[in-house]
Amino acid sequence: MAKGNPKESKMRSSTSIIIVIGLCCFFYILGAWQRSGFGKGDSIAEKITKQTDCTVVPSLNFETHHSNDNEVGLTVDESEASVKEIEPCDAKYTDYTPCHDQKRAMTFPREGMVYRERHCPPEKEKLHCLIPAPKGYATPFPWPKSRDYVHFANAPYKSLTVEKAIQNWVHYEGSVFRFPGGGTQFPQGADAYINQIASVIPIKNGTVRTVLDTGCGVASFGAYLLKKNVIAMSFAPRDNHEAQVQFALERGVPAIVAVFGTIKLPYPTRSFDMAHCSRCLIPWGANDGMYMMEVDRVLRPGGYWVLSGPPINWKNNYISWQRPKEDLQEEQRQIEKVAKRLCWEKKSEKGETAIWRKSINADACRGRDESQETMCEATDTTDVWYKKIDKCITPYPEVSSRSEVAGGQLKPFPERLHAVPPRIASGSVPGVSVEDYLEDNKLWKKHVNAYKRINKILDSGRYRNIMDMNAGLGSFAAAIDSPKLWVMNVMPNIAEKDTLGVIYERGLIGIYHDWCEAFSTYPRTYDLIHANGVFSLYQDRCNAEDILLEMDRILRPEGTVIFRDEVEVLIKVKKIVSGMRWNTRIVDHEDGPSVPEKILVVVKQYWTVGGSNSTSSE
């Protein structure tokens with residue numbers, strides 16, 4: 001065999017070293033951008049680039065085998081070489097929530113809170129521009145400080161500090177808001193309130209892990225539950241209580257913009273260990289108990305419902321609540337009536353808080369004559385996206401004995417995070433076996449380890465609010481699990497397999513969503529977004545640019561996106577995002593360059609209203 005040209009070999013070696021150093025510096029700078037915290041990322045990056053000698057770790061092969069402009073070695077058509085620059089939106093769109101726009105909402109009926117539900121703009125009204133951050137935007141404080149403090153510049157709205165002043169929701173203190181942990185029903189603090197509930201409900205031992213908090217306010221209940229390793233899916237409408245959900249997410253607490261109206265909640269049947277309403281003003285006994293029936297649908301057998309505030313203990317409070325005692329008495333009577341129909345046993349009523357427990361199965365449900373009740377059809381109880389709430393009772397899964405928990409007994413958290421979920425063990429998720437589940441766990445541990453090699457600060461606490469856009473079995477969230485972060489696991493409504501119920505059985509939280517539409521959150525609410533196969537899934541359904549613009553809207557300045565997809569798809573994505581003020585790099589699959597699946601890592605640049613593409617002059 002003929003020997004290679006020594007000069008060519010030397011050149012190839014030099015090129016490899018340059019590529020390695022380039023990649024090393026890129027990700028070192030990525031870390032610097034995201035540690036900066038106050039929008040000085042570009043200037044810090046420039047300084048580090050000049051000063052830092054990136055060390056190449058000899059035991060790792062960083063060589064990409066690709067050139068800088070076309071990292072994966074594919075030919076890009078000359079006609080597609082130009083990059084479309086996407087301009088910033090007007091400053092008035094700083095807090096734009098497309099599917100919860102106030103002006104559009106006012107055109108819909110008030111009855112049943114229809115106007116507060118999702119109403120997304122038609123194609124011709126979609127914005128094709130980048131949502132700007134407000135002037136002075138700063139990276140949120142790290143958890144747990146963020147639970148108590150939020151930068152005023154990030155959500156500059158003071159109305160709640162006045163309206164809820166005596167209830168200890170939030171106080172304005174110079175350049176920050178301070179959240180003392182109070183609420184309308186617990187002005188003295190969430191800790192004492194949670195301890196009162198925990199005297200009845202087994203919160204401390206891992207039995208209760210997932211909680212639904214309806215009408216959450218600024219989500220102090222959910223924020224303080226995290227101390228007990230309990231995670232709440234909190235929601236509140238975008239209404240005259242300005243910035244409730246925005247504050248919650250700025251604090252690093254899971255929350256979405258939503259309302260109890262006419263549409264089913266975007267969660268699967270038997271999701272939550274507990275549901276909670278603290279003066280959430282939902283007419284629970286009205287409409288034949290329809291809202292309580294919807295809570296029953298998403299509540300796990302044996303789960304708990306906590307109602308705090310009107311009408312509980314109405315005899316002692318009707319004067320302070322400024323409500324006729326006859327109305328409050330009838331309201332509680334209706335709630336008790338519906339609870340009995342649902343087979344919820346009242347476990348406690350103390351002060352203004354009442355607690356019910358759902359039966360563990362239909363056999364344990366004494367006294368209910370199902371022939372006299374309207375029972376929902378059991379064929380598909382997870383088909384909820386834009387479906388109307390049914391005035392029917394969701395049936396329990398069948399059991400073989402009166403002591404068996406319908407749907408399966410869950411292990412306490414954190415053991416249940418990696419245990420085989422009952423829906424998998426019972427074979428109720430078509431096409432997913434126990435072996436598939438275990439293999440998926442193993443695969444995502446490997447993927448997450450690769451991400452940590454790419455981005456050294458992944459589990460440092462810099463990323464608090466994380467979203468997985470195509471969550472599968474929740475194994476990415478399980479592999480990255482840490483008290484420093486939480487993951488919103490999104491199940492696309494077009495996914496081949498609906499596994500969101502499995503995700504909840506693991507003690508994680510998630511939501512159904514269609515990525516052809518905007519997500520129910522404010523701008524700048526996620527630190528890191530993981531997009532596995534999202535653009536392959538949606539390539540024939542909606543515009544990739546629309547999805548990317550939505551990702552940009554909900555991603556914080558200096559936040560990160562990790563795309564995992566086929567190389568051809570990522571090339572198209574990279575071309576679009578090159579005009580979006582994102583810094584990009586395509587990296588080989590951890591198994592080597594021959595694998596067609598690649599990883600595209602991006603960092604969103606810091607820029608604000610009226611700002612340029614660079615922050616070096618900030």
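Residues numbered from 1 in each chain as written. Predicted model: local features only at pLDDT ≥ 70, side-chain atom pairs only at ≥ 80, totals over all residues. Heavy atoms only, no water.

- With an unreviewed UniProt entry as reference, the protein chain is termed Methyltransferase, source organism Papaver nudicaule.
- The heading Sequence similarities (unreviewed entry) in the UniProt record of the protein chain holds the text "Belongs to the methyltransferase superfamily." (UniProt positions renumbered as here; feature names shortened; annotations may be inferred.)

## Re helix 13 (residues 434–454)
An α-helix turns once every 3.6 residues. As a result, residues three or four positions apart point the same way.
(1) Moving on: Between the first and last C-alpha of helix 13 there are 31 Å, a value that for 21 residues agrees with the 30 Å anticipated at 1.5 Å per step.
(2) Moving on: Looking at helix 13, one finds that the buried residues are Tyr437, Asp440, Asn441, Trp444, His447, Val448, Ala450, Tyr451 and Ile454. (Helix = DSSP H or I, 4+ residues; strand = E, 2+ residues; numbered from the N terminus. Expected span 1.5 Å × (residues − 1). Buried < 20%, exposed > 50% of the residue type's maximum accessible area, 1.4 Å probe, protein only.)

## Description of the packing of aromatic side chains
(1) Moving on: Applying the stated rule across the entire model yields 24 aromatic pairs.
(2) Moving on: Considering the side-chain rings of phenylalanine 235 and phenylalanine 260, the 6.2 Å spacing of their centres and the 70° angle between planes classify their relative orientation as edge-to-face. With phenylalanine 235 in strand 5 (residues 231–236) and phenylalanine 260 in the loop between strand 6 (255–257) and strand 7 (272–278), the pair connects residues that are 25 residues apart, well separated along the chain. Both residues of the pair, phenylalanine 235 and phenylalanine 260, belong to the buried class.
(3) Moving on: For the pair tyrosine 267 and tyrosine 504, a centre-to-centre distance of 6.5 Å together with 75° between the ring planes defines the contact as edge-to-face. Of this pair, tyrosine 267 sits in the loop between strand 6 and strand 7 while tyrosine 504 sits in helix 15 (residues 500–505), and the two are 237 residues apart along the sequence. We note that tyrosine 267, like tyrosine 504, is buried.
(4) Moving on: Feature note: the residues Phe235, Phe260, Trp284, Tyr291, Trp305, Trp344 and Trp356 constitute an aromatic cluster, connected by ring pairs.
(5) Moving on: Directly above the aromatic system of tyrosine 115 lies the positively charged group of arginine 110, at a separation of 4.9 Å from the ring centroid.
(6) Moving on: Taking the ring centre of tyrosine 396 as reference, the NZ or CZ of lysine 358 above it sits at 5.4 Å. (Phe/Tyr/Trp six-rings, centres within 6.5 Å; stacked < 30°, edge-to-face > 60°. Lys NZ or Arg CZ within 6 Å of the ring centre and 35° of its normal.)

## Structural notes on the side chain of aspartate 565
(1) Moving on: The topology assignment puts aspartate 565 in strand 15 (residues 555–566).
(2) Moving on: One buried charged residue, aspartate 565, forms no salt bridge at all, with the nearest opposite charge on arginine 564 at 9.7 Å.
(3) Moving on: At 2.4 Å, the side chain of aspartate 565 and the side chain of serine 536 are in polar contact. (Lys, Arg positive; Asp, Glu negative; His and termini not counted. Salt bridge = Lys/Arg side-chain N within 4 Å of Asp/Glu carboxyl O. Polar contact = N/O pair within 3.5 Å; in protein donor to acceptor, adjacent residues only side chain to side chain.)

## Some remarks on empty space enclosed by the protein
(1) Moving on: Per the stated rule, a full pass over the model turns up 4 cavities of 30 Å³ or more.
(2) Moving on: Roughly 270 Å³ of volume is contained in the largest cavity.
(3) Moving on: In terms of lining residues, the largest cavity is bounded by 19 residues, among which Arg118, Ala258, Ile263, Lys264 and Pro266 are the most central.
(4) Moving on: Secondary-structure elements contributing two or more residues to the lining of the largest cavity are strand 6 and strand 13 (509–513). (1 Å grid on protein atoms, 1.4 Å probe; cavity = no way out; pocket = protein on both sides within 12 Å on 5 of 7 lines; lining within 4 Å. Points joined across faces, edges and corners; volume = space filled by probe spheres on them.)

## Section: the environment of valine 595
(1) Moving on: With respect to the element layout, valine 595 can be found in the loop between strand 16 (582–588) and strand 17 (597–604).
(2) Moving on: You can call valine 595 partly exposed: its relative accessible area is 22%.
(3) Moving on: Taking the C-alpha atoms as reference, valine 595 lies 9.1 Å from glutamate 566; in sequence the two are 29 residues apart.

## A word on the state of the cysteines
(1) Moving on: Across all of its chains, the model carries 6 disulfides by this definition.
(2) Moving on: Cysteine 277 shares a disulfide with cysteine 280; S-S distance 2.0 Å. When the S-S torsion is -100°, as for the bridge of cysteine 277 with cysteine 280, the disulfide is left-handed. Taken as a pair, cysteine 277 and cysteine 280 share a single burial class, namely buried.
(3) Moving on: Here the cysteine-cysteine linkages of the protein chain are recorded as 1-4, 2-3, 5-6, 7-8, 9-10, 11-12, numbering only bonded cysteines and doing so in sequence order. (Disulfide = S-S within 2.5 Å.)

## Details of the layout of surface pockets
(1) Moving on: Space inside the largest pocket adds up to approximately 880 Å³.
(2) Moving on: Along the walls of the largest pocket sit 48 residues, with Gly215, Ser278, Arg279, Cys280 and Leu281 positioned nearest its centre.
(3) Moving on: Where the lining of the largest pocket is concerned, the elements lending two or more residues are helix 7 (220–225), strand 5, strand 7 and helix 11 (325–341).
(4) Moving on: It is strand 7 that contributes the most residues to the lining of the largest pocket, 3 residues altogether.

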